[in-house]
Amino acid sequence: MSLSWITPAERVQKLPPYVFARLDELKAKAREQGLDLIDLGMGNPDGATPQPIIDAGIAALQNPANHGYPPFEGTANFRKAITKWYNRRYGVKLDPDSEALPLLGSKEGLGHLAIAYINPGDIVLVPSPSYPVHFRGPIIAGGVIHSITLKEENNWLIDLSSIPEEVARKAKILYFNYPSNPTGATAPREFFEEIVAFARKYEILLVHDLCYAELAFDGYQPTSLLEIPGAKDIGVEFHTLSKTYNMAGWRVGFVVGNRHVIQGLRTLKTNLDYGIFSALQTAAETALELPDSYLQEVQTRYRTRRDFLIDGLGKLGWNVPKTKATMYLWVKCPVGMGSTDFALDVLQKTGVVVTPGNAFGAGGEGYVRISLIADCDRLGEALQRFKQAGISYQQEAVVSV
């Protein structure tokens, strides 16, 4: 029986197509055709979760005390591990009882924060390009998105002066993300000081996504929003264990910062979920307590891949700047080709998957994001396929049919 008379809510119908879901369909079709895909599309870290984390998870799983519902606010031990980690990494002191909240991955928290704080019609400031949940969460909540177009000539930094005064006065929340997904851009401490001053002036809640804090290279140390004096009065910061610790499927993240904002998010979540399985929180504690030598190994792995791929793309005509952080390269499409057309052309001709920049908003048009989630042998194979297919920055804008 057809249920054509039952239609999705307007909040769902307003969502733009999710490009990653479309990419999954195309990848499945390519695999059916026997293509050996090299998937550099998703930000899905390759390799196993570190053994100490697995061991801690197994031990916790065998403890029957962990098999019931976890506390809504997360376990006390995990919250303490989060705040100790912040103090060690950034010199930021947080109250584990009120200023830290475990999440089912940072994406869940970022989306639910929008539902907890955005009323229909509220203006939300969001950079373009940006991680999709930064604008999709507010859309679901009924917010009105004011896009701040980021530009290469400004090093992909938000230009606060480009926000009209009347918009700034009405805005409720500003989402932002440095080191940035998808551009790989980093922001100096001075930028964080400026955005805190801006938010305090206009009484705007700052939501900073610090998911790539530890994937930093060449001596660069990313800034935490909470390092800036006064930031905790008007801001919260999200983090995830997915990238640094190869725990994407474990779904563990957290938010820290303003206690009142965190309490609002907690209140919403108590009505929607029961939080992270306690055994996983025990494993996550172990992750945050790993020695810096582990982090250095991770940084070396991604830095080596970054240098290898930038060099290889350079031989094909691309001039890709060396990113200081993240697991991505932000690469221009050949002249005359749009993001989607180029990504599909690459997939069809080579079996290499990259993400079209417009998946991250209109400001990402003209670029593709390439994830550094394969070893150099596999990246070399991708570059060889590019060369054989005649794909380069100088190529004519010819799209396969």
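Going by what an unreviewed UniProt entry lists, the protein chain is known as Aspartate aminotransferase and is assigned to Okeanomitos corallinicola TIOX110. Comment text from UniProt for the protein chain, heading Cofactor (unreviewed entry), reads "pyridoxal 5'-phosphate".

A.B. asks: In this structure, what is going on with the overall build of the protein chain? I would like to understand it.
C.D. replies: Along its length, the protein chain carries 14 helices and twelve strands. In terms of overall dimensions, the protein chain is globule-like: its C-alpha atoms have a radius of gyration of 21 Å, near the 21 Å expected for 401 residues. Judged by the C-alpha coordinates and their principal axes, the protein chain covers about 60 × 55 × 55 Å. Taken across its 401 residues, the protein chain has 55% of its residues classed as buried. A separation of at least 24 residues holds for 76% of the contacts in the protein chain among residues at least 6 apart in sequence.

A.B. asks: So what exactly am I meant to see when it comes to the sheet that holds strand β5 (residues 171–176) here?
C.D. replies: Either a parallel or an antiparallel arrangement is found when strands of a sheet pair, and the pairing is made through backbone hydrogen bonds. The strand order across the open sheet formed by seven strands is β2-β8-β7-β6-β5-β3-β4, and the pairing between neighbours is mixed. The open sheet terminates on both sides in strands that have one partner only, identified here as β2 (100–103) and β4 (144–149). Neighbouring strand axes in the sheet, compared pairwise and without regard to direction, differ in orientation by 20° on average. Taken together, the four bridges between strand β6 (residues 205–209) and strand β7 (residues 235–240) define a ladder with parallel strand orientation. Within β7, the position partnered with V207 by the bridge is V236.

A.B. asks: Please clarify how the packing of aromatic side chains should be interpreted in this entry.
C.D. replies: The relative placement of two aromatic rings is captured by the distance of their centres and the angle of their planes. Using the criterion set out here, one finds 20 aromatic pairs in the structure. Geometrically, the ring pair formed by W85 and Y86 is edge-to-face, given 5.2 Å between the ring centres and 75° between the ring planes. In terms of burial, W85 and Y86 fall into one category: buried. Consider the rings of Y86 and F254, whose centres lie 6.3 Å apart with planes at 75°: the pair is edge-to-face. With Y86 in helix α4 (residues 76–90) and F254 in strand β8 (residues 253–257), the pair connects residues that are 168 residues apart, well separated along the chain. In terms of burial, Y86 and F254 fall into one category: buried. Among the aromatic residues, those joined into a ring-pair cluster are W85, Y86, Y90 and F254.

A.B. asks: I tried to follow the UniProt feature "domain: Aminotransferase class I/classII large" (unreviewed entry) in the protein chain on my own but got confused; where do I start?
C.D. replies: Using the residue numbers shown here, the UniProt feature "domain: Aminotransferase class I/classII large" (unreviewed entry) corresponds to residues 36–377. Regarding residues 36–377, the helix share stands at 39% and the strand share at 16%, and the terminal C-alpha atoms are separated by 14 Å.

A.B. asks: Just to check I follow, could you spell out the packing of helix α3 (residues 51–61) against helix α11 (residues 278–288) for this structure?
C.D. replies: Between two packed helices, both the angle of their axes relative to each other and the distance between the axes serve to describe the pair. At a minimum axis separation of 8 Å, α3 and α11 run at an interaxial angle of 150°. By the angle between their axes, α3 is roughly antiparallel relative to α11. Considering how the two elements wind past one another, α3 and α11 form a crossing that is right-handed. For the pair α3 and α11, the contacting residues are P52, I53, A56, G57, A60 and L61 in the first and A279, T282, A283, T286 and A287 in the second. Across the contact of α3 with α11, the residue classes tally to eight nonpolar, three polar and no charged.

A.B. asks: Which parts of the structure should I look at to understand helix α6 (residues 133–141)?
C.D. replies: Structurally, the α-helix is built with 3.6 residues per turn, so residues lying three or four positions apart point the same way. Of all nine residues making up α6, eight are buried, and the element is well covered by its neighbours. Looking at α6, one finds that the buried residues are V133, H134, F135, R136, G137, P138, I139 and A141. Taken together, the buried residues of α6 touch α5 (106–117), β3 (123–128), β4, β5 and β6. At the exit of α6 stands G142, carrying a positive phi of roughly 95°.

A.B. asks: Explanation requested: the pairing of β4 in the structure shown.
C.D. replies: One face of the sheet, then the other: side chains in a regular strand alternate in exactly this way. Sheet topology note: the β3/β4 ladder contains six bridges and is parallel. Looking at the pairing, L125 lines up with H146 of β4. Of the crossover connections in this fold, the one passing from β3 over α6 to the parallel β4 is right-handed.

A.B. asks: Please clarify how the pattern of salt bridges should be interpreted in this entry.
C.D. replies: Proximity of charged atoms lets side chains of opposite charge pair with each other. Evaluation of the coordinates by the stated rule reveals 21 salt bridges. Two residues, R385 and D36, come together in a salt bridge whose shortest N-O distance is 2.9 Å. Placement of R385 in helix α14 (residues 376–389) and of D36 in the loop between α2 (19–32) and β1 (38–39) is noted, with a sequence separation of 349 residues between them. Taking relative accessible area as the criterion, R385 reaches 12% and is therefore assigned buried. A salt bridge links K315 to D311, with the nearest nitrogen and oxygen atoms 3.5 Å apart. Within this pair, K315 and its partner D311 are both found in helix α12 (residues 292–315), separated by four residues, close to a single helical turn. Judged by its relative accessible area of 45%, D311 is partly exposed. Members of the salt-bridge network, linked through shared partners, are D36, R378, E381 and R385.

A.B. asks: How should I be thinking about the sheet that holds strand β12 (residues 367–371) in this particular structure?
C.D. replies: Spatially, three strands are ordered β9-β12-β11 in an open sheet, and the strand pairing comes out antiparallel. Strand pairing shows two members of the sheet lacking a second neighbour, β9 (328–332) and β11 (355–356), which therefore form its edges. In terms of strand pairing, β9 meets β12 through five bridges, oriented antiparallel. Bridge pairing in β12 places K332 opposite Y367. Against the sheet, α12 touches β9 and β12, its axis set at about 15° to β9.

About the criteria used
Residues numbered from 1 in each chain as written. Predicted model: local features only at pLDDT ≥ 70, side-chain atom pairs only at ≥ 80, totals over all residues. Heavy atoms only, no water. UniProt positions renumbered as here; feature names shortened; annotations may be inferred. Helix = DSSP H or I, 4+ residues; strand = E, 2+ residues; numbered from the N terminus. Rg over C-alpha atoms; globule rule 2.2 N^0.38 Å. Buried < 20%, exposed > 50% of the residue type's maximum accessible area, 1.4 Å probe, protein only. Contact = heavy atoms within 4.5 Å. Pairing = 2+ DSSP bridges. Axes fitted to C-alpha atoms, helices over the stretch in contact; angles between N-to-C directions. Phe/Tyr/Trp six-rings, centres within 6.5 Å; stacked < 30°, edge-to-face > 60°. Parallel < 35°, antiparallel > 145°, perpendicular 65-115°, else oblique. Left-handed = near helix turned anticlockwise from the far one by under 90°. Nonpolar A, V, L, I, M, F, W, Y, C, P; charged D, E, K, R; others polar. Right-handed = clockwise from strand over helix to strand, strands pointing away. Salt bridge = Lys/Arg side-chain N within 4 Å of Asp/Glu carboxyl O.

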